[in-house]
Every structure is written in structure tokens, then in C-alpha cells.
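So the chains spell out like this:
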Amino acid sequence: MRRGRRAPGTFMSIRKHGVLWLVAALALSLPGIGHAAGSLDQANEQARRVVLQAMQERLIPGLQVAVVKDDELVLSEAYGLANVENRVPATAKTLFPLNSATKPFTGVAMMQLAEAGRVSLDAPISRYLDDLPPPWQAIRVRQLLAHTSGLPEIVDQPGPTAGSTEAAMWKGVKQQPMEAPIGEMFAYNQTNYGLLAQIIAKQALMPYERYLAERQFSVANMPLTTFGDSYDPVPNAATIYSYFPRRTLAPNDANRLSRWVYDIPYSLQAGGGIQTTADELAAWLIALSKGRLINAASRQSMWTPEKLNSGANGAWSAGWPVLASTPRRQVAGIGGNRAAFIVYPDDRLAVIVLTNLVGGNPERFIPQIAELYRALPTPPAP
């Protein structure tokens, strides 16, 4: 979502809090990962080592990992600190922000409304929304989901934390020219998901966050999952950190752990507002796989890349980054440079890693974890 702003004050290096010493000791105590896993127990042991090594190398304060294989939660771990300055450990119930990994939930919501006949993904958004600038009216719903709308970026407008209002943000973005012809190119954009939230609220006859709570969180048994950002006092939420330099005169400016403050305006929560746990995210993915949220045909359509005007595949499908279409599919949720989950549908596998470090980029080491489980035998799907 919006670029984080550093809060006043800094905190001591994580090394001084002993987290990395703990991580290093745990990593050294686990078996090596130089050979393929032959059993689930071996895969889990090797996955733990991959995670702990990544924490040590990337200086990640706190982390949750969960692995789903054949619709079962086969690994669930929490490591490090949810809050460094108060030495609060990360647990299975610590809430981590998904940021832009919220967008797959919005994709599922749109597929649910499509199944119910309340939305057509091929319809122009002007069928559902009023007061749109003329250049916006012909954009199709699926082009919002796949970031091929060509719309201007709303987060370039001054927001509430800059002394403006959300209403002013929307007024400002509607006065901007289109950034590209509709359907011509992929361009990641938060305006798309702000409009999708409006469509969901109007067609579902309830606010976006209530719709997700009733039709997804409740169905998948996600009692802790909620919405919020750095300004919301969310109980048991992890504190977010960064090592990015703050351009001060301190000699160790580039190496200090600092709080990372991020804001997600209410109207843009469909693009990045969820806070959850790895276990509850795993429950959601299992519910999705088992057809409890949408049917198999909708799921297949949701994970099919959107076509550009040229006929080429775009980078996203309906709410999901498509990392690979062939020979084996990979779709993902990636957010804030700190949270990610990758689904491997053909292997009946999903790996989730949530961290509280901007720059943790778990999507970069999730594939290493996935390889440990992809080699395991998979029973036929029911």
C-alpha cells in the first residue's frame, strides 16, 4: 500500500536483543538440508532450517510459517519477537498484516458475487458505480482485478495522514488522466481495489469488511482475523520494523532497526487491510481448495491470467499474482515486502510466511520450502 513513514525514535539493533543468537542456535541444531526430503517429518525439519537461516540472513525479528499439503496443515511454527523493544515473542496467535496479500480475498469475494449472479466480471464498472469520469466507465470488472484498467494511482493523492481526507483523495484521482489505454498493459494500482470495494459493498448490500467477515472469515474459521494498519490499536498485532536508512547523521543509520509506520485508508482496505495469522490463512486456503468459498470452476477462472489487448497474458488473474501458468501453476499473495503465500495447485501445496520486517521478502525463500514438500507423494484429489 502506501509508502511507510518512519516514526520518531529508533530502537537498538536486533542483535542486542538476542534474537539472532537464538535463531542461529536453533538453525545449527536442525538436520542439514542438502538432500531431498523423503518423509513429511524430514520435510518439516528441513523447512524449519530454511526459515531459521532466512531469519538470520535477513535479520527478521519475528515470523510465522505454515505449510498446507493435501488440504492438511502439516507445519505451523512461530519464531522470534513480535515486538522487539518489549521482548514480546511471536506466537501462533500474533496478527501480522497481509498488506497487498489482501487482494486475493477481494478476488474470492468477486467470484462469490459472480456465482450469486450479482456481478458480471465482463461488465463495465459503470453498471455498478455512479459518478465515474467518462474515461473510466468502459473498464470491465475483471480489468480492475488484474490491474489492466489503465487507471491513475490514488495513493499519489494526499491522504488523511497528510492533512487531507479520503473524499479528497477520490476527488483528486478522478481528475487525473488515464495512465494507459484500458486493457493495454499491466500496471499495479490501488485505485482498482478501492473501486472493487465499492462494487462489493453495493452489490452485497453490506460494507466490504463485513462481507469478508461473514462470507469468508466465518466460513473458514478465522476468529482472530481483522482489519487495521499502524494507526489502529489491534490487539496482539506484531510491530512492523525496517532497516531502511532514515538519512540521519547517526554513524549506523543504515543498520538500525526502526519502527515502520504504514497507513491504509478505510476505502482502500480491499487492497491491503487484513491482519491475520499463518494458521488462519492456512484455514482459508484449505476452505478455498475444498470448495467452501467458491466452486472449482470459479477457482480455475480466478487463477487464469487476464489477457491484454494484444492477446498476451497479464501478470495477474482475478486478485492473484500469477507466478507461473505452465508447466505447473503457481499463484500468490504478496504484500508489504514482508508477507507472502504461494499456492501450487497442481501439487496440492501452499506455503505461507508472515514477517514483521519490511524487506523480509518471504516470497524469495518460500520456493525453497515448497520444493521440500513437492517431492512428497500426493494422493489423488477427491
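Look a little higher up for the structure.
Now for a description of the structure that goes with this document. (Residues numbered from 1 in each chain as written. Predicted model: local features only at pLDDT ≥ 70, side-chain atom pairs only at ≥ 80, totals over all residues. Heavy atoms only, no water.)

1. Overview of the pattern of salt bridges
Going through the model one piece at a time under the given rule, you end up with 17 salt bridges. The partner of Arg-329 in a salt bridge is Asp-346, and the shortest N-O contact between them spans 3.1 Å. In this pair, Arg-329 is assigned in the loop between β10 (322-324) and β11 (330-335) and Asp-346 in the loop between β12 (339-344) and β13 (349-355), connecting sequence segments 17 residues apart. Overall, the relative accessible area of 34% leaves Asp-346 in the partly exposed class. Residues Glu-371 and Arg-374 are paired through a salt bridge, measuring 3.1 Å at the closest nitrogen-oxygen approach. Taken together, the positions of Glu-371 and Arg-374, both in helix α10 (residues 366-374) and three residues apart, correspond to about one turn of that helix. Residue Glu-371 is classed as partly exposed on the basis of its relative accessible area of 47%. (Salt bridge = Lys/Arg side-chain N within 4 Å of Asp/Glu carboxyl O. Helix = DSSP H or I, 4+ residues; strand = E, 2+ residues; numbered from the N terminus. Buried < 20%, exposed > 50% of the residue type's maximum accessible area, 1.4 Å probe, protein only.)

2. Looking at the sheet that holds β11
Strands sit in the order β4-β3-β2-β13-β12-β11-β10 across an open sheet of seven strands; the sheet is antiparallel. Each end of this open sheet is capped by a strand with a single partner; those strands are β4 (88-89) and β10. In this sheet, β4 lies alongside strand β3 (residues 72-83) in antiparallel orientation, the contact comprising two bridges. Bridging across to β4, Asn-83 finds its partner in Val-88. With respect to the sheet, helix α2 (residues 40-58) is in contact with β2 (62-69) and β3, its orientation differing from that of β3 by roughly 25°. (Pairing = 2+ DSSP bridges. Contact = heavy atoms within 4.5 Å. Axes fitted to C-alpha atoms, helices over the stretch in contact; angles between N-to-C directions.)

3. Brief notes about unusual backbone geometry
Cis geometry is found at the peptide bond from Thr-326 to Pro-327, where omega equals -5°. Residue placement: Pro-327 occurs in the loop between β10 and β11. Even without being a glycine, Asp-71 presents a positive backbone phi close to 65°. As for its position among the elements, Asp-71 is in the loop between β2 and β3. Overall, the relative accessible area of 14% leaves Asp-71 in the buried class. In the Ramachandran plot, His-147 falls in the positive-phi region, its phi being about 60° despite a non-glycine side chain. Among the structural elements, His-147 can be located in the loop between α4 (141-145) and α5 (166-174).

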